[in-house]
Amino acid sequence: MALEDIARRINAATENAGRAAGSVHLIAVSKVQPDERVRSVLEKGHRSFGENRVQEAAGKWPGFREDFTDIDLHLIGPLQTNKARQAFELFQSIHSVDRPKLAKTCARLAQETGACPELFVQVNTGEEPQKAGVLPGDADAFVKDCLGMDLPVRGLMCIPPADEEPSLHFALLAKIAARNGLTGLSMGMSGDFESAIALGATHVRVGSAIFGERTPA
Ligand SMILES: *Cc1c(COP(=O)(O)O)cnc(C)c1O
């Protein structure tokens with residue numbers, strides 16, 4: 001089964017990199033997947049999932065949570081500030097903190113609710129105009145601002161450009177994280193999670209290799 005196969009490959013890549021067993025967290029990216037496929041992965045005992053849209057997650061996860069406990073949900077897509085409150089209620093982690101306005105909104109919600117999901121700052125390592133994320137040159141200052149607001153920044157996240165060697169981007173993200181004292185690295189997808197693990201990924205986001213190709217609803 002695909003889930004077990006991916007878990008095996010993650011363990012092998014972790015060991016090959018000389019890293020501690022269990023130091024890489026698998027987020028099964030369930031966006032746009034039919035409920036039966038998601039349910040079968042839940043029935044195997046897996047509990048960490050990624051969604052890229054708040055609305056879609058709000059439609060499907062409260063139902064799964066009635067049937068399965070301890071679900072750990074990660075928002076891996078862009079977050080509009082007007083959806084932040086809903087995201088705080090649904091998600092245990094947000095991987096797309098990418099601008100001051102959103103950071104301020106998170107800080108305010110954290111104050112108000114007394115809790116905050118674990119946060120990752122998204123870095124646009126390829127400096128692509130159409131992609132979210134702070135530019136590499138702005139990352140240090142932005143991370144410092146977030147920490148100054150007492151936000152629980154776990155680490156950094158990136159989505160490398162589709163047509164470039166991803167390992168260069170993984171290495172850059174790792175370097176920015178290290179110089180900011182951050183240990184979390186959300187990087188690596190179906191096609192490249194092994195090289196991400198070799199470069200220090202702590203959270204890999206794997207969708208199609210677990211669930212099969214996404215057929216748009
Ligand atoms: C869809 C998505 C993934 C998973 O992609 P696959 O290639 O299906 O593994 C990972 N990260 C982000 C941010 C995504 O939007």
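Refer to the structure printed above.
Overview of the structure. (Residues numbered from 1 in each chain as written. Predicted model: local features only at pLDDT ≥ 70, side-chain atom pairs only at ≥ 80, totals over all residues. Heavy atoms only, no water.)

## Describing the site of the ligand
Just so we agree on the cut-off: The rule for a residue being near a molecule or strand is that one of its heavy atoms must lie within 4 Å of it. Any pair of N or O atoms that falls within 3.5 Å is considered a polar contact. Within protein, one atom must be able to donate a hydrogen and the other to accept it, and sequence-neighbouring residues count only if both atoms are side-chain atoms. To measure how exposed things are, a 1.4 Å probe is used in the Shrake-Rupley method; for residues, cover is taken only from the protein chains shown. Put plainly, a pocket is an open set of points on a 1 Å grid over the protein atoms alone with protein on both sides within 12 Å along at least five of seven lines, a cavity is a set where a 1.4 Å probe fits but cannot get out, and a lining residue has an atom within 4 Å of a point. Each molecule is assigned to a cavity or pocket provided more than half of its atoms lie within 2 Å of the corresponding grid points. As a working rule, the residues Ala, Val, Leu, Ile, Met, Phe, Trp, Tyr, Cys and Pro are called nonpolar, Asp, Glu, Lys and Arg charged, and the rest polar, with Gly in that last group.
Around the ligand, the neighbouring residues are Val 29, Lys 31, Ile 76, Met 157, Ile 159, Met 189, Ser 190, Arg 205, Val 206, Gly 207, Ser 208 and Arg 214. Within the backbone of Ser 208, an N or O atom sits 2.8 Å from an oxygen atom of the ligand. Between the ligand and Arg 214, the relevant distance is 2.7 Å, taken from an oxygen atom to a side-chain nitrogen or oxygen of the residue. When the ligand is considered free in solution it has 390 Å² of accessible area, and contact with the protein chains removes 89% of it. More than half of the atoms of the ligand fall within 2 Å of the grid points belonging to the largest pocket. Residue composition of the shell around the ligand, grouped by class: six nonpolar, three polar and three charged.

## Looking at the side chain of His 95
Put simply, the test is: Segments assigned H or I by DSSP are reported as helices when at least four residues long, segments assigned E as strands when at least two residues long, and all are numbered from the N terminus. Three exposure classes are used, based on accessible area relative to the maximum for each residue type with a 1.4 Å probe and protein chains only: buried under 20%, partly exposed in between, and exposed over 50%. Contact between two residues is taken to exist if any of their heavy atoms lie within 4.5 Å; hydrogens are not considered.
Checked against the element boundaries, His 95 lands in strand E4 (residues 93–97). When its relative accessible area of 0% is taken as the criterion, His 95 is described as buried. Within the structure, His 95 has its side chain in polar contact with the side chain of Ser 186 (distance 2.9 Å). Among all residues touching His 95, those that are not within four sequence positions of it are Ile 27, His 74, Leu 75, Ile 76, Phe 120, Gln 122, Met 157, Ser 186 and His 203.

## Here's the deal with the packing of helix H2 (residues 35–43) against helix H3 (residues 54–67)
Our working definition: Each axis is a line fitted through C-alpha atoms, and for a helix only the stretch in contact is used; angles between axes span 0 to 180 degrees, taken between their N-to-C directions. A crossing counts as left-handed when the near helix is turned anticlockwise from the far one by less than a right angle, and as right-handed when that turn is clockwise.
With their axes 12 Å apart at the nearest point, H2 and H3 run at an angle of 35° to one another. Handedness of the H2/H3 crossing: right-handed. Each of Asp 35, Val 38, Arg 39 and Leu 42 in H2 lies in contact with H3, whose residues at this interface are Lys 60, Trp 61, Phe 64 and Asp 67. Along the lines of polarity and charge, the residues of the contact of H2 with H3 split into four nonpolar, no polar and four charged.

## Notes on the side chain of Lys 60
Here Lys 60 is to be found in helix H3. A polar contact is formed between the side chain of Lys 60 and the side chain of Glu 51, at a distance of 2.9 Å. Excluding its chain neighbours within four sequence positions, the residues that come into contact with Lys 60 are Ser 30, Lys 31, Val 32, Gln 33, Asp 35 and Glu 51.

## Points about the nonpolar core
Test applied: Take the buried residues of types Ala, Val, Leu, Ile, Met, Phe, Trp, Tyr and Cys, join any two whose side-chain atoms come within 4.5 Å, and each joined set is a nonpolar core.
Counting residues in hydrophobic clusters, the biggest one holds 61 residues, and the most contacted among them are Phe 49, Trp 61, Val 121, Leu 156, Val 204 and Ile 210. Looking at which element gives the most residues to this core, the answer is helix H5 (residues 100–113), with six residues. Apart from the residues lying within four places of it in its own chain, the contact partners of Ile 210 are Ala 2, Leu 3, Ile 6, Leu 26, Ala 28 and Val 41.

## Quick look at the packing of aromatic side chains
Selection criterion: In this scheme Phe, Tyr and Trp rings, the latter by its six-membered ring, pair at centre separations within 6.5 Å, and the angle between planes marks the pair as stacked below 30 degrees, edge-to-face above 60, and tilted otherwise.
Applying the stated criterion across every chain yields a total of two aromatic pairs. Between Phe 49 and Trp 61, the ring centres sit 4.8 Å apart and the planes meet at 40°, which makes this aromatic pair tilted. Here Phe 49, found in strand E2 (residues 48–51), pairs with Trp 61, found in helix H3; they are 12 residues apart in sequence, far enough to count as distant. With relative accessibility at 0%, the residue Trp 61 sits in the buried group. On the numbers, 5.0 Å between centres and 55° between planes, the contact of Trp 61 with Phe 64 is tilted. Of this pair, Trp 61 and Phe 64 both sit in helix H3, separated by three residues, roughly a single helical turn.

## Overview of the pairing of strand E5 (residues 118–122)
As a general feature of sheets, a regular strand has side chains that alternate between the two faces. Threshold: Whether a crossover is right-handed depends on one test, that the path from the first strand over the helix to the second runs clockwise when the strands point away from the viewer. Two strands are counted as paired when DSSP detects at least two bridges linking them.
With respect to burial, E5 is a largely interior element, four of its five residues being buried. Note on the crossover from E4 through H5 to E5: the handedness is right-handed. For E5 and strand E6 (residues 153–157), the ladder comprises four bridges, and the chain directions are parallel. Across the sheet, Leu 119 pairs through a bridge with Val 153, a residue of E6. As for the winding sense of the linkage, the β-α-β connection from E5 through helix H6 (residues 136–148) to E6 is right-handed.

## Points about the layout of surface pockets
Applicable threshold: Grid points are joined across faces, edges and corners, and a volume is the space filled by probe spheres set on the points.
Taken as a whole, the largest pocket spans an internal volume of roughly 320 Å³. For the largest pocket, the lining is made up of 19 residues, of which Lys 31, Ile 76, Ile 159, Met 189 and Arg 205 are closest to its centre. In the lining of the largest pocket, the residues fall into eight nonpolar, seven polar and four charged.

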